[in-house]
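These are the residues of each chain, in order.
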Amino acid sequence: MFKGHCFPKAIILQAVYFKLRFSLSYRDVEELLSIRRINVDHATIQRWVFKFTPLVEQQFSKRKKTVGRRWRLDETYIKVKGQWRYLYRALIKKEIL
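Residues numbered from 1 in each chain as written. Predicted model: local features only at pLDDT ≥ 70, side-chain atom pairs only at ≥ 80, totals over all residues. Heavy atoms only, no water.

Colleague: Give a description of the overall build of the protein chain that names residues and reports values.
Modeller: When you go through the protein chain residue by residue, the secondary structure sums to three helices and two strands. In terms of C-alpha radius of gyration, the protein chain reaches 22 Å, well past the compact-globule figure of 13 Å for 97 residues. Counting only C-alpha atoms and orienting by the principal axes, one finds that the protein chain spans roughly 60 × 45 × 20 Å. Within the protein chain, the fraction of its 97 residues that count as buried is 19%. Considering only contacts within the protein chain whose residues lie at least 6 apart along the sequence, 35% involve residues at least 24 apart. Accessible surface, the protein chain: about 8600 Å² in total, of which carbon and sulfur atoms supply 55%. Here the protein chain contributes 22 positive and 8 negative side-chain charges, whose respective centroids are spaced 8 Å apart. (Helix = DSSP H or I, 4+ residues; strand = E, 2+ residues; numbered from the N terminus. Rg over C-alpha atoms; globule rule 2.2 N^0.38 Å. Buried < 20%, exposed > 50% of the residue type's maximum accessible area, 1.4 Å probe, protein only. Contact = heavy atoms within 4.5 Å. Areas by Shrake-Rupley, 256 points an atom, 1.4 Å probe, with all protein chains shown as cover. Lys, Arg positive; Asp, Glu negative; His and termini not counted. Charge placed at Lys NZ, Arg CZ, Asp CG, Glu CD.)

Colleague: Talk me through the side chain of lysine 19; I want residue IDs and the actual numbers.
Modeller: Counting through the fold element by element, lysine 19 comes out in helix H1 (residues 9-22). No salt bridge is formed by the buried lysine 19. Its closest oppositely charged neighbour is aspartate 28, at 8.0 Å. Once residues lying within four places of it in the same chain are set aside, the contact partners of lysine 19 are Leu24, Ser25, Tyr26, Val29 and Val49. (Salt bridge = Lys/Arg side-chain N within 4 Å of Asp/Glu carboxyl O.)

Colleague: Explain the packing of H1 against helix H3 (residues 42-63) to me, and be specific about the residues and the numbers.
Modeller: H3 packs onto H1 with a crossing angle of 85° between their chain directions and a minimal axis gap of 9 Å. On the basis of their axis angle, the class for H1 and H3 is roughly perpendicular. Side by side, H1 and H3 meet where Ile12, Leu13, Ala15, Val16, Lys19 and Leu20 of the first sit next to Ile45, Trp48, Val49, Phe52, Thr53 and Val56 of the second. Class assignment of the residues belonging to the contact of H1 with H3 gives a composition of ten nonpolar, one polar and one charged. (Axes fitted to C-alpha atoms, helices over the stretch in contact; angles between N-to-C directions. Parallel < 35°, antiparallel > 145°, perpendicular 65-115°, else oblique. Nonpolar A, V, L, I, M, F, W, Y, C, P; charged D, E, K, R; others polar.)

Colleague: Any details on the packing of aromatic side chains? Residues and values, ideally.
Modeller: One pass over the full model with this rule turns up six aromatic pairs. Between the aromatic rings of phenylalanine 18 and phenylalanine 22, the centroid separation amounts to 6.4 Å while the plane-to-plane angle is 45°, which identifies the pairing as tilted. Taken as a pair, phenylalanine 18 and phenylalanine 22 lie in helix H1 at a separation of four residues, close to a single helical turn. Look at phenylalanine 18 and you get buried, because its relative accessible area is 7%. Here phenylalanine 22 falls in the partly exposed class, since its relative accessible area comes to 43%. Here the aromatic residues Tyr17, Phe18 and Phe22 are joined through ring pairs into a cluster of three or more. Its guanidinium or amino end placed over the ring of tyrosine 26, lysine 19 lies 4.5 Å from that ring's centre, counting from NZ or CZ. (Phe/Tyr/Trp six-rings, centres within 6.5 Å; stacked < 30°, edge-to-face > 60°. Lys NZ or Arg CZ within 6 Å of the ring centre and 35° of its normal.)

Listed below in structure tokens is the structure:
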């Protein structure tokens, strides 16, 4: 999938990671890479993001751990520094197989 690109796989994935994780603009990602002495145009980064985002999401969904299907929310009153406050707590019920 990465064959035919002028940059190594690690640089392409780093640029896509910066864009997706930190919600930076393409020009900001270009500037971050130029600090690391990697000269790439913002339009190229945009094409990388469009092309490789589905692959990154697919890999993340494979590694994502499943969470219990049932959960409940407990709430109670507690006294904090003389004032009554709500305390919320979410509980996940583990299923026994």
